[in-house]
Amino acid sequence: MTMAYTLSPHIPRVRTLTTFMALLAASFLFCHEIKAQGDMLFTQHWAMPTLYNPAKTGDTDYLRIRGGARMQWLGVTNAPKSFVATGDSPFKIAEKRIGAGVTISQESIGLFSNMLVSAQGSYKLKFLKGQLGIGIQAGYYNTRFKGSEVYIPDDDDFHQPDDPSIPTQDLSGNAVDLSLGVNYTHRLFHVGISALHLTSPKVNLTLEGSESSDAQQYETELPRTLYFDAGGNIGIQNTLFELQPSVIVATDLGSFSADITMRATYNRFITFGVGYRWDDAVSVMVGAHYRNFFLGYAFDYPTSAISRVSSGSHEIVAGYQLKLDLSGKNKNKHRSIRIM
């Protein structure tokens, strides 16, 4: 849930980056309203598919558990730090295939901290030699602002320390979130569309621990965000290599982000690739599958003005998957107690 601001190309002139981040936060609060951009966008988005589309829950025969951490813009004080955990699994109810999952995401940036906990469900049906999934997600969203850490320099010509628009105490607020998605999976490719935060939930921020309605003078919004993603599996004849291109596009109709990656996997074991985030960064990534385990790493080098003060971003994703038997053939069979 990265805050929506654009870093000035004159960043090196700021006295300290800590001061800069504080001023940035104060600027957003000046009009009694905080605008959020939306969700964190992982470079290895393909490794956590249910994070951006609830229709992808249960789209394989595996119980999947994934976790990720992203440290963005190393060298910048109070830069974004993101942590994610997802889990999903397929089920069969009355011969109908469904998927269920959960996602937990937390991000801190500057004086803000945001968390979203969601439950997901999807319905699967066969369609054009593939599988069509329709998904829904309901979540609990919490945001906090550390007003007690706001610092305004004495020589600031734009903000005053006694400005009532700038909180000097910690604030927090909650909201209910709703998302929808559709996804089509084929043996050779997949494509999906989703609308996260469908109701654009607004959160009234109050003093932490306060029940007074007089404190509800600040507001933040989690904007509706539309996603399109697609990817493929292209085997190279007479080799053990597979090419796996992928793309994800996100927009809240006010801002735009797009990631394009190309990965190569050898013998379904080692993966390496490169990526490009539109007008933001280039990336390299490497990963490995061993039995039921997965570990991936990505490094982003910024192509924007932030490169003047940051050496790049680091990202790690780890996961485990377990093959499930949904055939029902072993429904009434029992194993010998000697091998249980």
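What you are looking at is a predicted structure, and each value in this text was computed from that prediction instead of being measured. (Residues numbered from 1 in each chain as written. Predicted model: local features only at pLDDT ≥ 70, side-chain atom pairs only at ≥ 80, totals over all residues. Heavy atoms only, no water.)

A. Spotlight on the environment of L128. Structurally, L128 can be placed in the loop between β5 (112-127) and β6 (130-145). Residue L128 is classed as exposed on the basis of its relative accessible area of 61%. When near neighbours in sequence (up to four residues on either side) are disregarded, L128 contacts Y184 and H186. (Helix = DSSP H or I, 4+ residues; strand = E, 2+ residues; numbered from the N terminus. Buried < 20%, exposed > 50% of the residue type's maximum accessible area, 1.4 Å probe, protein only. Contact = heavy atoms within 4.5 Å.)

B. Structural detail: the side chain of S122. Within the secondary structure, S122 is located in strand β5. For S122, a relative accessible area of 7% puts it in the buried group. Within polar-contact distance, the side chain of S122 engages the side chain of K124 at 3.3 Å. In this view, S122 contacts P54, A55, T57, I98, G99, I134 and G135; residues no more than four positions away in its chain are not counted. (Polar contact = N/O pair within 3.5 Å; in protein donor to acceptor, adjacent residues only side chain to side chain.)

C. Looking closely at the packing of aromatic side chains. This structure, assessed with the given rule, holds seven aromatic pairs. Both rings, one in W46 and one in F294, keep their centres 6.2 Å apart while their planes meet at 75 degrees; by these two values the pair is edge-to-face. Pair noted here: W46 is in the loop between β1 (33-35) and β2 (62-74) and F294 is in strand β17 (residues 293-302), with a separation of 248 residues, a long-range link. Aromatic side chains F293 and Y320 sit 5.0 Å apart centroid to centroid with 55 degrees between the ring planes, which places their arrangement in the tilted category. Placement of F293 in strand β17 and of Y320 in strand β18 (residues 312-323) is noted, with a sequence separation of 27 residues between them. On the accessibility criterion, Y320 (29% relative accessible area) is partly exposed. One aromatic cluster is present, formed by F127, Y184 and F189 through successive ring pairs. (Phe/Tyr/Trp six-rings, centres within 6.5 Å; stacked < 30°, edge-to-face > 60°.)

D. Up close: the nonpolar core. Ranked by size, the top nonpolar core spans 15 residues in total, and within it Y141, F145, V150, L171, V203 and L205 carry the most contacts. Of all the elements in the fold, those that place two or more residues in this core are β5, β6, β7 (171-185) and β9 (202-207). If we skip the residues at most four places from it in the chain, V150 touches L111, F145, I166 and P167. L41, M48, Y52 and Y227 belong to the second largest nonpolar core, which has 14 residues in total. (Core = buried A, V, L, I, M, F, W, Y, C linked by side-chain atoms within 4.5 Å.)

E. Broad picture of the pattern of salt bridges. A full pass over the atoms with the stated rule returns seven salt bridges. For the salt bridge of R70 with E315, the shortest nitrogen-to-oxygen distance reads 2.8 Å. Highlighted residues: R70 in strand β2 and E315 in strand β18, separated in sequence by 245 residues. Through salt bridges that share partners, D59, R64 and D88 make up one connected network. (Salt bridge = Lys/Arg side-chain N within 4 Å of Asp/Glu carboxyl O.)

F. Representation of a nonpolar patch on the surface. Taken together, the side chains of I236, L240, F241, Y266, F272, V286, L295, Y297 and I316 present a nonpolar region at the surface, about 770 Å² in accessible area. Mapped onto the secondary structure, F241 falls in strand β13 (residues 241-251). A relative accessible area of 31% places F241 in the partly exposed class. (Patch = residues over 30% accessible without salt bridge, like charges linked within 9 Å, V, L, I, M, F, W, Y side chains within 5 Å. Areas by Shrake-Rupley, 256 points an atom, 1.4 Å probe, with all protein chains shown as cover.)

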